[in-house]
Structures are given as structure tokens and as C-alpha cells.
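Descriptive analysis of the structure
Here is what each chain is made of, one letter per residue.
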Amino acid sequence: VVDRTIYTTLPASIDDREATSKSSPLSTPSAGDGVPPSIERLHRLHGTSLLLDVATLLRLPPSTYATACTMFHRAYHRLSLREHCVWSAAIACAFLAGKVDEEPRTVRSVVLTFAHVYRRRRLRVGDDVGRYSYGAADCEAAGVASLTEEEKGNIVRSVK
């Protein structure tokens, strides 16, 4: 007998009052800092997408990627998006997951891989940088926004 029941992993919509109440299991430090649940979900998905790209480039096994995602989500049950940006949390989780699953990579290779992904994602010509920054990462958005179109084009050519 095959169980064909579909179980949802993320609720389709979250009531803001339910998500921000202290007794709710959906309550997180980010919600306590005033970050809407929809924005928090987008940033968490963005972080897991970063981890997937980095795990692929570092040739990490799927179990290490799963461990990194688990660590990433557990970190944001204790930390707020306003205090810790998604990029720094993802770097730490990728490095620690490699150590835990005995697939270690050097700090240098992890940081260089994240720098490569950063260039590919954040410095694309015409990319809306403000969409990915929130709280701690606003200074990065201001720095990238100050680049001219010619500078962005030079960066994109050097990455390709």
C-alpha cells in the first residue's frame, strides 16, 4: 500500500497575529523585531538557495547540504534577521556542515566560493540589490548601488 497523502512543509499563509504571539511555535526573534513572516520566509529561502549553489560548486554531498540547511533554519530560530544577515549565516552553516558530515573544506575555499556566488548574484547588471538586503546588509546595498553601469559590466565580464 502506497501512502499518497501530501503533507505541506510550509503553510500557504500565516496570520501575522498568530506568528508574532509569544506562545506560538512560529514565533522567532525576527518576528519580535518587526520583520513580517512573509519577508522572513523569503530570506530563509534565499539562504537555502545560496547554500545549494555553494554546495554544488564545492561538490558537497546532498547530506551535507541538508545539514547546512538544518543549521541555517535552527540559527534563525535564535537569531534575528535585523542583526545577522543571510550571507554570513549561510557561510557559517556551510563551513560547519562540512565539518560535521566529515566533508571538510578549507575556510579559504568556502569564502572564495561565497564570494563567487556573491558576484554572480549581487553585481549583475540591472539587479535590484535592495531586494536582497535587510537590516545588517544595508551598507552592502549602498555600496553596490553607487557603482556605475560600466563598473557593473566590468565586474560581470570578469566573473564570466
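Rules and cut-offs
- Going along each chain's sequence as written, the residues are numbered from 1 onward.
- At least 70 in pLDDT is required for a residue's local features to be given in this predicted model, at least 80 for side-chain atom pairs to be given and counted, and no such filter applies to totals for whole chains, interfaces and linings, which use all residues.
- No hydrogens and no water enter the side-chain calculation; it runs on all heavy atoms of the structure.
- Put plainly, a pocket is an open set of points on a 1 Å grid over the protein atoms alone with protein on both sides within 12 Å along at least five of seven lines, a cavity is a set where a 1.4 Å probe fits but cannot get out, and a lining residue has an atom within 4 Å of a point.
- Grid points are joined across faces, edges and corners, and a volume is the space filled by probe spheres set on the points.
- A run of H or I in DSSP becomes a helix once it reaches four residues, and a run of E becomes a strand once it reaches two; helices and strands are each numbered from the N terminus.
- Just so you know the grouping, Ala, Val, Leu, Ile, Met, Phe, Trp, Tyr, Cys and Pro go in nonpolar, Asp, Glu, Lys and Arg go in charged, and all remaining residues, Gly too, go in polar.
- As a per-residue quantity, pLDDT reports the predictor's confidence and falls between 0 and 100.
- In what follows, residue pairs with any heavy atoms lying within 4.5 Å of each other are defined as contacts.
- Interaxial angle, 0 to 180 degrees, is taken between N-to-C directions of lines fitted to C-alpha atoms, where a helix line uses only the stretch in contact.
- We call two directions roughly parallel when the angle between them is under 35 degrees, roughly antiparallel when it is over 145, roughly perpendicular when it lies between 65 and 115, and oblique otherwise.
- For any helix crossing, the convention is left-handed if the near helix is rotated counterclockwise from the far helix by under a right angle, and right-handed if that rotation is clockwise.

**Things to note about empty space enclosed by the protein**
One simple way to see leftover space: roll a probe sized like a water molecule over the atoms. Considering all chains together, one arrives at 2 cavities of 30 Å³ or more under this definition. If you add up the space inside the second largest cavity, you get close to 40 Å³. Secondary-structure elements contributing two or more residues to the lining of the second largest cavity are α3 (37–57), α4 (62–75) and α5 (86–100). Here the residues of the lining of the second largest cavity are counted per class, giving 8 nonpolar, 1 polar and no charged.

**Digging into the confidence of the model for the protein**
Of all residues in the protein, 61% have pLDDT values of 70 or greater, and the mean over the chain is 75. Confidence, read as mean pLDDT per element, is least for helix α1 (residues 16–20) in the protein (49) and greatest for α4 (94). Counting contacts from residues 8–12, a segment whose pLDDT is below 50, to residues more than four positions away or on other chains yields 2 contacts. Confidence over residues 133–140 falls short of pLDDT 50; this stretch has 17 contacts with residues more than four positions distant or in other chains.

**Looking at the packing of α4 against α5**
Remark: α4 packs on α5, axes separated minimally by 8 Å, with the N-to-C direction vectors making an angle of 135°. Taken as axis vectors, α4 and α5 run oblique relative to one another. The two elements α4 and α5 cross, and the hand of that crossing is right-handed. On α5, the residues touching Thr 64, Thr 67, Ala 68, Met 71 and Phe 72 of α4 are Val 86, Ala 89, Ala 90, Cys 93, Ala 94, Leu 96, Ala 97, Gly 98 and Val 100. Classifying every residue of the contact of α4 with α5 gives 11 nonpolar, 3 polar and no charged.

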